[in-house]
Amino acid sequence: DVVLTQTPVSLSVTLGDQASISCRSSQSLEYSDGYTYLEWYLQKPGQSPQLLIYGVSNRFSGVPDRFIGSGSGTDFTLKISRVEPEDLGVYYCFQATHDPLTFGSGTKLEIK
Amino acid sequence: EVQLVESGGGLVQPGSSLKLSCVASGFTFSSYNMHWIRQAPKKGLEWIALIYYDSSNKYYADSVKGRFTISRDNSKNTLYLEMNSLRSEDTAMYYCAKDYSSYILDYWGQGVMVTVSS
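Right, let's walk through the structure included here. (Residues numbered from 1 in each chain as written. Chains lettered and ligands numbered in written order. Predicted model: local features only at pLDDT ≥ 70, side-chain atom pairs only at ≥ 80, totals over all residues. Heavy atoms only, no water.)

### Some thoughts on the packing of aromatic side chains
Per the stated rule, a full pass over the model turns up 16 aromatic pairs over all chains. Here Tyr 35 of chain A and Tyr 37 of chain A contribute two aromatic rings whose centre-to-centre distance is 4.5 Å and whose plane-to-plane angle is 65°, an arrangement assigned as edge-to-face. Here the aromatic cluster, defined as three or more aromatic residues joined through ring pairs, consists of Tyr 41, Tyr 92, Phe 94 and Phe 103 of chain A together with Tyr 95 and Trp 108 of chain B. One Lys or Arg, Lys 98 of chain B, reaches over the ring of Phe 27 of chain B and ends 5.5 Å from the middle of that ring. (Phe/Tyr/Trp six-rings, centres within 6.5 Å; stacked < 30°, edge-to-face > 60°. Lys NZ or Arg CZ within 6 Å of the ring centre and 35° of its normal.)

### Quick notes on unusual backbone geometry
Across the junction of Thr 7 of chain A and Pro 8 of chain A, the peptide omega takes the value -5°, indicating a cis bond. Residue position: Pro 8 of chain A is located in the loop between β1 (4–7) and β2 (10–13). In this structure, Pro 100 of chain A follows Asp 99 of chain A across a cis peptide bond, with omega equal to 0°. Along the chain, the position of Pro 100 of chain A falls in the loop between β9 (89–95) and β10 (102–103). In this structure, Val 56 of chain A is a non-glycine residue whose phi angle is positive, near 75°. With respect to the helices and strands, the residue Val 56 of chain A is situated in the loop between β5 (50–54) and β6 (58–59). For Ser 55 of chain B, which is not a glycine, the phi torsion comes out positive at approximately 65°. Of note, Ser 55 of chain B is situated in the loop between β5 (45–51) and β6 (58–60). Judged by its relative accessible area of 30%, Ser 55 of chain B falls in the partly exposed class. (Helix = DSSP H or I, 4+ residues; strand = E, 2+ residues; numbered from the N terminus. Buried < 20%, exposed > 50% of the residue type's maximum accessible area, 1.4 Å probe, protein only.)

### Side note on the interface of chain A and chain B
Opposite the 19 residues of chain A that make contact, chain B presents 21 residues. Counting each side, the surface lost to burial between chain A and chain B is near 1600 Å², with a carbon and sulfur contribution of 66%. Among the residues of chain A in contact with chain B, Pro 49, Leu 101 and Phe 103 of chain A are the three that bury the most area, contributing 30% of the side total. Counting every contact that joins chain A to chain B gives 0 salt bridges. Where chain A packs against chain B, one counts 5 residue pairs in polar contact (both at pLDDT 80 or more). Looking at the side of chain A that touches chain B, the elements with two or more residues in it are β4 (38–43), β5 and β9 of chain A. Among the elements that take part in the side of chain A that touches chain B, β4 of chain A stands out by supplying 3 residues, more than any other. Looking at the side of chain A that touches chain B residue by residue, the class counts come to 13 nonpolar, 3 polar and 3 charged. (Contact = heavy atoms within 4.5 Å. Buried area = accessible area lost by both parts, 1.4 Å probe. Salt bridge = Lys/Arg side-chain N within 4 Å of Asp/Glu carboxyl O. Polar contact = N/O pair within 3.5 Å; in protein donor to acceptor, adjacent residues only side chain to side chain. Nonpolar A, V, L, I, M, F, W, Y, C, P; charged D, E, K, R; others polar.)

So this is what it looks like as structure tokens:
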């Protein structure tokens, strides 16, 4: 199975600063069709997860442009510029290139 | 407005069975693939099953393969997860999620809790 390793495990950020989360895959996530099935989700406290980014860098409808996804192959990054209070929660990367589909272990974002 | 409402959870003994339901509304259910994802208490997310829009294909995580069965009834806008031979490690919040396209999980239900304990 593909293992997604997220770092750091937790992150404490001052409001207005930038946060960066890494997701490293044990195998390349580029599918034979050229698409990379890598997504990012945010689970706010007490809520269900919500989609932020799909296809490495595409923001889902309504997601602020402060959220920027990047990367290729096995290394991916989610950057959150100008962190706001509503950004706190646990961020998960998710791959759907290989069966079975797998989530990263999560990164908890806290506000200082 | 898209809504996914799970039900059927509860406290069960090890080795028993349970069937979860997820009723969908606000979109054409029969046109979309659907997933089940679970989250053990204080743990991360674990994808467990996918069913295509027409039930032609089903995929499972190794942890549930052979014990869990995903199914759907498009006439009732309902997704199911039949769970057999339940173990304590199956204790989790179970979420259903809509697949926007290409395994993008754009809407999630609020989740239903399953506790396996004697």
